[in-house]
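# Working through the structure, step by step
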Amino acid sequence: MNNPIAFSILAISLIAVVYVSWWSKKYTSTTTDFYVAGGKISPRLNGWAMFGDYCSAASFLGVAGAIALTGIDSWWVAIGFFGAWIFVLVILAGPLKSSGKFTVGDVLVGRFGGNSLKFLAMLTTVVIGTLYLVPQIVGAGHLFQLLLGWDYMVTVFVSATIMGLMVVLGGMMGTTYNQAIQGVILLVAMLLLMVLSTIIYFGGNPIAIITQAMSTVPPTSAVRVMGQLPPPAEGTTYGALALAEAIRNGFQNLPNALTPGVSVPNALNQFSLVLGLLLGVAGLPHILIRFYTVKDAKDAKKGAELTIIGLAVFYIAVLFVGYATMTILYPYLIEMLQAGQRGRATNMAIPLIGMELGGEAVLGIIAAGAMAAMLSTSVGLLISMSTSLSHDVYSGVLRPNSTDRERVVFAKIGAAILTGVALVASIWLKDQNVAILVAMCFGIASSTFAPVLILAMWWKGLTKEGVIAGLVVGLVVSLTFTFARFSNVPEVFGITVLGNPALYGVISSVTAIVAVSLLTKNTGRVREFMALAHRN
Amino acid sequence: MTTEQTVQAPPGQKEAIHYSAVAVADYDEAATKRKLWTAIRLLVIFCVVYFVAAMIATPEFKHIANIQVFNIPLAFYTGILVFVVGIIVTRMCLNQDQKG
């Protein structure tokens, strides 16, 4: 074992998570308790739980790591993650809570009825959830690899197994408490890194982090010119600041870490990314399901406000921590890039800076925070997927007369299978930045559930056929461009593959919804549904 | 008037959907339209800041994002501004709810 103290802290935090799940089992006697904690969660607790649920490996590891490698352009993923919540709060949270019960499918079926929508909603939930699960397993695998020195294949298997077991142990009540606790751990861990790095390396002045970043060429740019640097004096190596200064002085035309527009390919790519991020949360089932755990629409919005404030603090801290990491770990990051370990450098920069700042103790806290991020999100994903499988399809279509126990067992078996699928995908995508993987899921969500749900809430002319067309077209287009991106295919049918599928997916989905709705007539129980959705 | 309501199952659906709902007669279309316009206004405020900040940080417009304000590029301030405007819009949205 590489880091016994850090691993012990991580192990204690994992045991605490399991204990909370076990303790909360006594409050989970029905499927309603299992799915949405009986709708009894307070807005404040839900706000923290949403924060923990939302801050996944992408937020905690990926974004700060990407900033450390490439500079300010990578901050846009974090800003987009934040912006999405404003969109959800203003346009969706209230009506969604008022018109649904357990799943996204409930909303659509509530207005239009029919088994086809239940099945399609479940399919979309499972696709988004499984793909979103991949970066959590990738991040956890890299983290265990760092702490234990195990092979990546073993670590992803162990990580996926722990995540799957969490769902078997606890329902939504346990998940809520775990997510809330983990949300606090995440925020504290990120602020701890910011404070420690400011005090130890920047004289207690956070602005010095920014000014130092302005004198630093990002490692991804620096690695291209490293071979042209004069070698350091014999028997010595470059220190972090000396190396940054040597590169800055030797190659003055290179951008610094605050120069915008360096790692963004072009405006179209950026627009697709920020559009996908803005609309994405409105289509993420594991986030939307949390609005059903509170009493009413007002409580749903109150919880979202707390989440939004927490995210603002967190993502601003991420920028400072990313820049501090770049400065402090500069030679090490370049070394990893030279060794072709970009994925590892991005995803592990934060645990490594924890080790640098406070040794194994801080590494342990950061590892616990990172594991909290991955577990809380993974469990949220698995709960939302298993709820959809069990509620929308098993009890809704296949076996309406099944018992509560049979439904929960079906949900758990489904969750185990989906964890296995995500595990295989995690092996394929092991060198991808987890933030980019999550951003792709946002692109798919923004092309499927987001337009359908928003129009279902606000457009009387929406028809059932329009919903089906929008979900199918959005899913096919966004998945096609997602896999083309990961397979390095430059064009699909003559259309350039962008970094995020949202632009094509959203346009196709909305066009399909509107066109088919205008050509068909089944608007469902529109007055009943609107009365329900907008009752407060 | 709030009532418990069971929405009848449409043809082809096996079970009815149970909701705690307002009576259909209470549906106020004008109020829903007002809510929609309020939401759109708030979103426009946020989206203008969000998309302008995002697009100036692209290679095509980076000369704008690179304008130095107190020796720091404008992109840094516009990024922070998105968070500030987001929190203001959040509060405005909740205030509207309280008034409603």
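Residues numbered from 1 in each chain as written. Chains lettered and ligands numbered in written order. Predicted model: local features only at pLDDT ≥ 70, side-chain atom pairs only at ≥ 80, totals over all residues.

## Focus: the overall build of chain A
A count of helical and extended segments in chain A gives 24 helices and two strands. On C-alpha atoms alone, chain A measures out to a radius of gyration of 23 Å, which is about the 24 Å that the 2.2 N^0.38 rule sets for 536 residues. Principal axes of the C-alpha set define a box for chain A whose edges measure 80 × 55 × 40 Å. Counting the 536 residues in chain A, one finds 65% classified as buried. Long-range pairs, those at least 24 residues apart, make up 86% of the contacts in chain A between residues at least 6 apart in sequence. (Helix = DSSP H or I, 4+ residues; strand = E, 2+ residues; numbered from the N terminus. Rg over C-alpha atoms; globule rule 2.2 N^0.38 Å. Buried ≥ 20, exposed ≤ 12 C-beta atoms within 10 Å, placed from the backbone. Contact = placed C-beta atoms within 7 Å.)

## A word on the overall build of chain B
Within chain B, the regular secondary structure consists of three helices and four strands. Ordered by position from N to C terminus, the α and β elements of chain B give β-β-α-α-β-β-α. In chain B, which comprises 100 residues, the proportion classed as buried is 26%. In chain B, the proportion of contacts linking residues at least 24 apart, taken out of those at least 6 apart, comes to 38%.

## Topic: the interface of chain B and chain A
Taken together, the contact pairs 47 residues of chain B with 45 residues of chain A. Residue assignment for the side of chain B that touches chain A shows that the elements contributing at least two residues are β2 (17-22), α1 (29-56), α2 (62-65), β4 (72-73) and α3 (74-99) of chain B. Ranked by residues supplied to the side of chain B that touches chain A, first place goes to α3 of chain B with 13 residues. In terms of residue class, the side of chain B that touches chain A is made up of 32 nonpolar, eight polar and seven charged. (Nonpolar A, V, L, I, M, F, W, Y, C, P; charged D, E, K, R; others polar.)

## Remarks on helix α4 (residues 57-70) of chain A
Residues and elements named next belong to chain A. The end-to-end C-alpha distance of α4, which contains 14 residues, comes to 18 Å, matching closely the 20 Å that a straight helix rising 1.5 Å per residue would cover. A large share of α4 lies buried, amounting to 14 of its 14 residues. Following α4 by one or two positions, G71 has its phi on the positive side, about 100°. (Expected span 1.5 Å × (residues − 1).)

## Observations regarding unusual backbone geometry
Residue and element names in this part refer to chain B. In this model, F70 sits at a positive phi of 50°, which is unusual for a non-glycine residue. Despite not being glycine, N71 shows a phi value in the positive range, around 65°. With respect to the helices and strands, the residue N71 is situated in the loop between β3 (68-69) and β4.

## Thoughts on the environment of R407 of chain A
The residue R407 of chain A is located in helix α19 (residues 404-428) in this model. For the pair R407 of chain A and L375 of chain A, spaced 32 residues apart in sequence, the C-alpha separation works out to 24 Å.

## Concerning the environment of I444 of chain A
Residue and element names in this part refer to chain A. Its location among the elements puts I444 in helix α20 (residues 434-447). The spacing of I444 and F481 is 37 residues in sequence and 9.6 Å in space, taken between C-alpha atoms. Setting aside residues no more than four positions away along its own chain, I444 makes contact with V127, I128, L131, S478, L479, T482, P501 and G505.

## Details of the environment of V138 of chain A
Residue and element names in this part refer to chain A. In this fold, V138 is placed in helix α8 (residues 115-148). According to the C-beta neighbour criterion, V138 is buried, with 32 such atoms within 10 Å. On a C-alpha basis, the gap between V138 and P4 in space is 22 Å, while along the polypeptide they are 134 residues apart. The contact partners of V138, leaving out residues within four places of it in the chain, are S426, L429, K430, Q432 and V434.

## Focus on the nonpolar core
Residues and elements named next belong to chain A. Core analysis: the biggest nonpolar cluster contains 223 residues, and L333, A370 and L453 have the highest contact counts within it. Here the element with the most residues in this core is helix α18 (residues 342-398); it accounts for 28 residues. Other than its neighbours up to four places away in sequence, L333 contacts A68, L69, P219, M326, A345 and A349. (Core = buried A, V, L, I, M, F, W, Y, C linked by C-beta atoms within 7 Å.)

## Digging into the confidence of the model for chain B
For chain B, per-residue confidence averages 79 on the pLDDT scale, and 73% of positions sit at 70 or higher. Of the two predicted TM-score estimates for the complex, the pTM is 0.84 and the ipTM is 0.84. (pLDDT = per-residue confidence, 0-100.)

## A closer look at the packing of α20 of chain A against helix α22 (residues 464-486) of chain A
Residues and elements named next belong to chain A. α22 packs onto α20 with a crossing angle of 160° between their chain directions and a minimal axis gap of 8 Å. As judged from the angle between their axes, α20 and α22 are roughly antiparallel. As α20 runs across α22, the sense of the crossing is right-handed. Residues M440, G443, I444 and S447 of α20 lie in contact with α22, whose contacting residues are G474, V477, S478, L479 and T482. By residue class, the composition of the contact of α20 with α22 is four nonpolar, five polar and no charged. (Axes fitted to C-alpha atoms, helices over the stretch in contact; angles between N-to-C directions. Parallel < 35°, antiparallel > 145°, perpendicular 65-115°, else oblique. Left-handed = near helix turned anticlockwise from the far one by under 90°.)

## Examining the confidence of the model for chain A
On average, residues of chain A carry a pLDDT of 84, and 94% of them reach 70 or more. Element-level mean pLDDT values for chain A span from 69 in helix α2 (residues 31-36) of chain A up to 95 in helix α23 (residues 502-519) of chain A.

## Focus: helix α10 (residues 172-201) of chain A
In this model, α10 of chain A (30 residues) spans 42 Å end to end at C-alpha, consistent with the 44 Å of a helix rising 1.5 Å per residue. One or two positions beyond α10 of chain A, positive phi appears at G203 of chain A, with a value near 60°.

## As for the packing of helix α21 (residues 449-458) of chain A against α23 of chain A
Residues and elements named next belong to chain A. For the pair α21 and α23, the least separation of the axes is 9 Å and the interaxial angle reads 35°. At the point where α21 passes α23, the crossing takes the right-handed sense. Judged by residue contacts, P451, V452 and L455 of α21 engage V506, S509, V510 and I513 from α23. Classifying every residue of the contact of α21 with α23 gives six nonpolar, one polar and no charged.

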